[in-house]
Amino acid sequence: MLRKVLLSLILSGMSLGGYAQHEVLSNTLIFYAPFDGDTQAQFAVGDTDIYTALDRKVLQAAKKGLEGSNTVLAKDVGLHGDALEFKKKGKPVVFYDAFKNMGYSKESWSGAISFWLRLDPAQDLEPGFCDPIQITDVNYNDASIWVDFTKANPRDFRLGVLGDLSAWNPQKLGPDNNPEFEKRLVRVKTPPFSRASWTHIVINFSKLGTSSATSHLFINGALQGSVQKIADPFTWEEEKAKIFLGLNYIGLMDELSVFERPLSTEAIDKLFRVKSLKTLISGKHQE
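Residues numbered from 1 in each chain as written. Predicted model: local features only at pLDDT ≥ 70, side-chain atom pairs only at ≥ 80, totals over all residues. Heavy atoms only, no water.

Enquirer: Describe in detail the overall build of the protein, supporting the description with residues and values.
Expert: What the protein contains, in helices and strands, is six helices and 17 strands. Counting only residues that meet the buried cut, the protein has 54% of its 287 residues in that class. Of the contacts formed within the protein by residues at least 6 apart in sequence, a portion of 68% connects residues at least 24 apart. For the protein, the exposed area adds up to about 12400 Å²; of that, 52% sits on carbon and sulfur atoms. (Helix = DSSP H or I, 4+ residues; strand = E, 2+ residues; numbered from the N terminus. Buried < 20%, exposed > 50% of the residue type's maximum accessible area, 1.4 Å probe, protein only. Contact = heavy atoms within 4.5 Å. Areas by Shrake-Rupley, 256 points an atom, 1.4 Å probe, with all protein chains shown as cover.)

Written out as structure tokens, the structure is:
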């Protein structure tokens, strides 16, 4: 009830139809950062603040806000207002706390992540891998969910959902030519990113931590691929988990949202068409 009241107060606007999908999106939302006016999440189960650390090794010294980062709040360039702009590759890291904001469960964890990117990977990115989003308590290869651009042009776009490193890669082999690493990726060649338009990304994940876990990647409402039966434990020290944004990424990001269960293709299509949750979630939840 409290969540519905908060959403009705925070995320006002008229429903654009598809009442069932509108209900699903509003009732399962657990984190929403539209980056309009400031970087604070407009709705969150956990901490709403964004943080900057000078280095990933000193996250405990992170400070609220974007000061000291290579990231700014760019005015009037977003889907409906402002957006985050990552201006150059560098060590300062920007993140939200994942504690409570991801709905994590060690036994069987499901959810969805939605956000928008705008860039030309061939022109804007500096050499090397970059992760527009990476969610983990340790590293990209240890109980982590991420998308990245590969290191050289033409760049692939990949979704990685990897369980505990000790389970899937006990020898700690590097990712190059490691079949166990590749098995856990959805790889998209010639992805449709552009400076001229926004690209919508949705990550669905289901039953992480069980033998029947799955992941799905959607771009602009269309399924790009999936990984079935990710039979790895997925163990976090949840208080240490972060939603890292823009790791070595150069470009724009907007409308970051997290849901506590996977989204249907109908709900993903609605998000893609209306672009902003502000225009989708009505203020009808008054009970």
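Enquirer: Account for the pairing of strand β9 (residues 130-139), naming residues and giving values.
Expert: In terms of burial, β9 is a largely internal element, eight of the 10 residues being buried. Of the pairings in the sheet, the one linking β9 to strand β10 (residues 142-149) comprises six bridges and is antiparallel in character. Its bridge partner being in β10, Q134 is matched across the sheet by W146. Counted along the chain from β9 to the antiparallel partner β10, the turn is two residues long. Pairing of β9 with strand β16 (residues 242-247), which is carried by five bridges, proceeds in the antiparallel orientation. Within β16, the residue paired with I135 across the bridge is I243. (Pairing = 2+ DSSP bridges.)

Enquirer: Report on the nonpolar core, specifying residues and quantitative values.
Expert: Ranked by size, the top nonpolar core spans 53 residues in total, and within it M102, I113, F115, W236 and L245 carry the most contacts. Those residues in contact with I113, other than ones at most four positions away along the chain, are M102, I133, I135, I145, I201, V202, I203, F205, L256 and S257. (Core = buried A, V, L, I, M, F, W, Y, C linked by side-chain atoms within 4.5 Å.)

Enquirer: If you had to explain the pairing of β16 to someone new, which residues and values would you point to?
Expert: With six of six residues buried, β16 lies mostly within the body of the structure. The pairing of strand β7 (residues 93-97) with β16 spans four bridges and is antiparallel. Bridged to D97 within β16 is K242.

Enquirer: I'd like to hear about the packing of aromatic side chains, residue by residue, with values.
Expert: For the structure on display, the rule yields 18 aromatic pairs. Centre to centre, the rings of Y104 and W109 are 5.2 Å apart; their planes meet at 80°, and the pair counts as edge-to-face. By relative accessible area, W109 is classed as buried at 1%. Connected via pairs of aromatic rings, a cluster forms that spans Y104, W109, F205, F234 and W236. When the ring centre of F244 is taken as reference, the NZ or CZ atom of R56 above it lies at 4.1 Å. (Phe/Tyr/Trp six-rings, centres within 6.5 Å; stacked < 30°, edge-to-face > 60°. Lys NZ or Arg CZ within 6 Å of the ring centre and 35° of its normal.)

Enquirer: Just give me the short version of the confidence of the model for the protein, but keep the residues and values in it.
Expert: Looking at the protein as a whole, its pLDDT mean stands at 91, while 90% of the residues score no less than 70. Contacts of residues 8-18 to residues separated by more than four positions or lying in other chains number 26 contacts, the stretch itself having pLDDT below 50. Considering only residues more than four positions removed or in separate chains, one finds that residues 282-287, a stretch of pLDDT under 50, has 18 contacts. (pLDDT = per-residue confidence, 0-100.)

Enquirer: With reference to specific residues and values, describe the sheet that holds strand β4 (residues 63-64).
Expert: With antiparallel pairing, the eight strands of this open sheet are ordered in space as β4-β3-β7-β16-β9-β10-β11-β12. The sheet is open, and its two edges are formed by β4 and β12 (185-188), each paired on a single side. By the bridge criterion, six bridges tie β10 to strand β11 (residues 157-162) in an arrangement that is antiparallel. What sits directly across from I145, in β11, is V161.

Enquirer: Mind laying out unusual backbone geometry, listing which residues take part and the relevant values?
Expert: Leaving glycine out, the prevailing phi sign among residues is negative, and the prevailing peptide bond configuration is trans. The omega torsion of the bond from N153 to P154 falls at -5°, within 30 degrees of zero and hence cis. Position of P154 relative to the elements: it lies in the loop between β10 and β11. With phi around 60°, N177 is a residue other than glycine that occupies positive phi space. The topology assignment puts N177 in the loop between α4 (165-168) and α5 (179-182).

Enquirer: Which residues make up the environment of G174, and what values go with them?
Expert: Relative to the assigned elements, G174 resides in the loop between α4 and α5. Measuring from C-alpha to C-alpha, the distance between G174 and N141 comes to 9.6 Å, with 33 residues separating the pair along the chain.

Enquirer: Please set out the environment of V186 residue by residue, giving values where relevant.
Expert: Among the structural elements, V186 can be located in strand β12. Residues V186 and Q224, spaced 38 residues apart in sequence, show a C-alpha to C-alpha distance of 7.6 Å. Excluding residues within four positions of it along the chain, V186 makes contact with F157, R158, L159, L217, Q224, G225, S226 and V227.

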